[in-house]
Amino acid sequence: KTRSAEALAQAEAGQLRAAQAEVEKKNQEVAKRLQEMAAMKAQMEQLREIAEHALQAERAAEAQARAAQAQAAEALRSKSDLERRAVQELRQALGQVQQTRTQAQQAQAEALRARRAEAAAEEQVARVSVAQVTQAQERMGMSLPANQPLAASSM
């Protein structure tokens, strides 16, 4: 009986050792899986951080793009305003040039009328002077020939 109990004990001990070896093998597999999972978790954390940085960079780029668009729109409005003002100023300047030309033409016409009036007045004065001289000569008895100029008679 003792032998069979020993054999049974040895058999159970062998099964126990085999079970312990199996448990140890499973523990090693679990440890290996845990290490793989820890490595995957670390990779996931790195990917999460990279994704967060990428998202922040994207948001910053979008903000910069919006700011650039706003600046471009403002520049376009400013350019349009400047162009509109330039056109207005050009039209005003052209109007002033036209007005100045008209005034200059009017002044030239007025000066021409004044010169004509002055010439007519000088001619009238000369006629009156000739008539007065003729009357004075007639009173004194000195008549001039009709076609002889006054300057020639005084010589």
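A short tour of the structure in this document, coming up. (Residues numbered from 1 in each chain as written. Predicted model: local features only at pLDDT ≥ 70, side-chain atom pairs only at ≥ 80, totals over all residues. Heavy atoms only, no water.)

### Thoughts on the overall build of the chain
Put simply, the rule reads: A helix here means a DSSP run of H or I that spans at least four residues, while a strand means a run of E at least two residues long, and both kinds are numbered starting from the N terminus. The globule rule used here is 2.2 Å times the number of residues to the 0.38 power, and the radius of gyration it is set against is calculated over C-alpha atoms. Buried residues are those whose accessible area, probed at 1.4 Å on protein chains only, stays under 20% of the maximum for their type, while exposed residues exceed 50% and partly exposed ones sit between those limits. Accessible surface is estimated by sampling points in the Shrake-Rupley manner with a 1.4 Å probe; for residues, cover comes only from the protein chains shown. In this tally, Asp and Glu contribute negative charge and Lys and Arg positive charge; neither His nor the terminal groups of the chain are included. Taken as the charge centre is NZ of Lys, CZ of Arg, CG of Asp or CD of Glu, depending on the residue.
Scanning the chain from N- to C-terminus turns up two helices and zero strands. For a compact globule of 155 residues, the expected C-alpha radius of gyration is about 15 Å, and the chain comes in at 62 Å, more than 25% above that figure. Over its C-alpha atoms, taken along the principal directions, the chain stretches across nearly 200 × 25 × 15 Å. Relative to its full complement of 155 residues, the chain shows a buried share of 1%. As displayed, the chain has an accessible area near 13,900 Å², and 57% of this comes from carbon and sulfur atoms. Of note, the chain has its 22 positive side-chain charges centred 3 Å away from the centre of its 20 negative side-chain charges.

### Here we look at the pattern of salt bridges
Note the following rule: In what follows, salt bridge is the name for a side-chain nitrogen of Lys or Arg lying within 4 Å of a carboxyl oxygen of Asp or Glu.
Using the criterion set out here, one finds seven salt bridges in the structure. Residue Glu45 pairs with Arg48 through a salt bridge whose shortest N-O separation is 2.3 Å. You can see Glu45 and its partner Arg48 sitting in helix H1 (residues 2–140), three residues apart, about one turn around the helix. Note on Arg48: relative accessible area 38%, which makes it partly exposed. With its nearest N and O atoms 3.9 Å apart, the salt bridge here joins Lys79 to Glu83. Linking Lys79 with Glu83, this pair stays in helix H1, spanning four residues, or about one helical turn. The exposure class of Lys79 is partly exposed, given its relative accessible area of 47%.

### Regarding a nonpolar patch on the surface
Quick note on the threshold: Think of a patch as exposed residues, more than 30% relative accessible area, with no salt bridge, where like charges cluster within 9 Å and nonpolar side chains (Val, Leu, Ile, Met, Phe, Trp, Tyr) cluster within 5 Å.
A surface patch of nonpolar side chains, amounting to about 310 Å² of accessible area, comprises Val30, Leu34 and Met37. Considering the arrangement of structural elements, one finds Val30 in helix H1. For Val30, a relative accessible area of 46% corresponds to the partly exposed category.

### Topic: the environment of Glu12
Along the chain, the position of Glu12 falls in helix H1. On the basis of relative accessibility, which here comes to 45%, the residue Glu12 falls in the partly exposed class. As a C-alpha pair, Glu12 and Gln35 span 23 residues in sequence and 34 Å in three-dimensional space.

### What to know about the environment of Lys32
In this fold, Lys32 is placed in helix H1. On the basis of relative accessible area, Lys32 is assigned to the exposed category, the value being 52%. Along the sequence, Lys32 and Gln105 sit 73 residues apart, while their C-alpha atoms lie 106 Å from each other.

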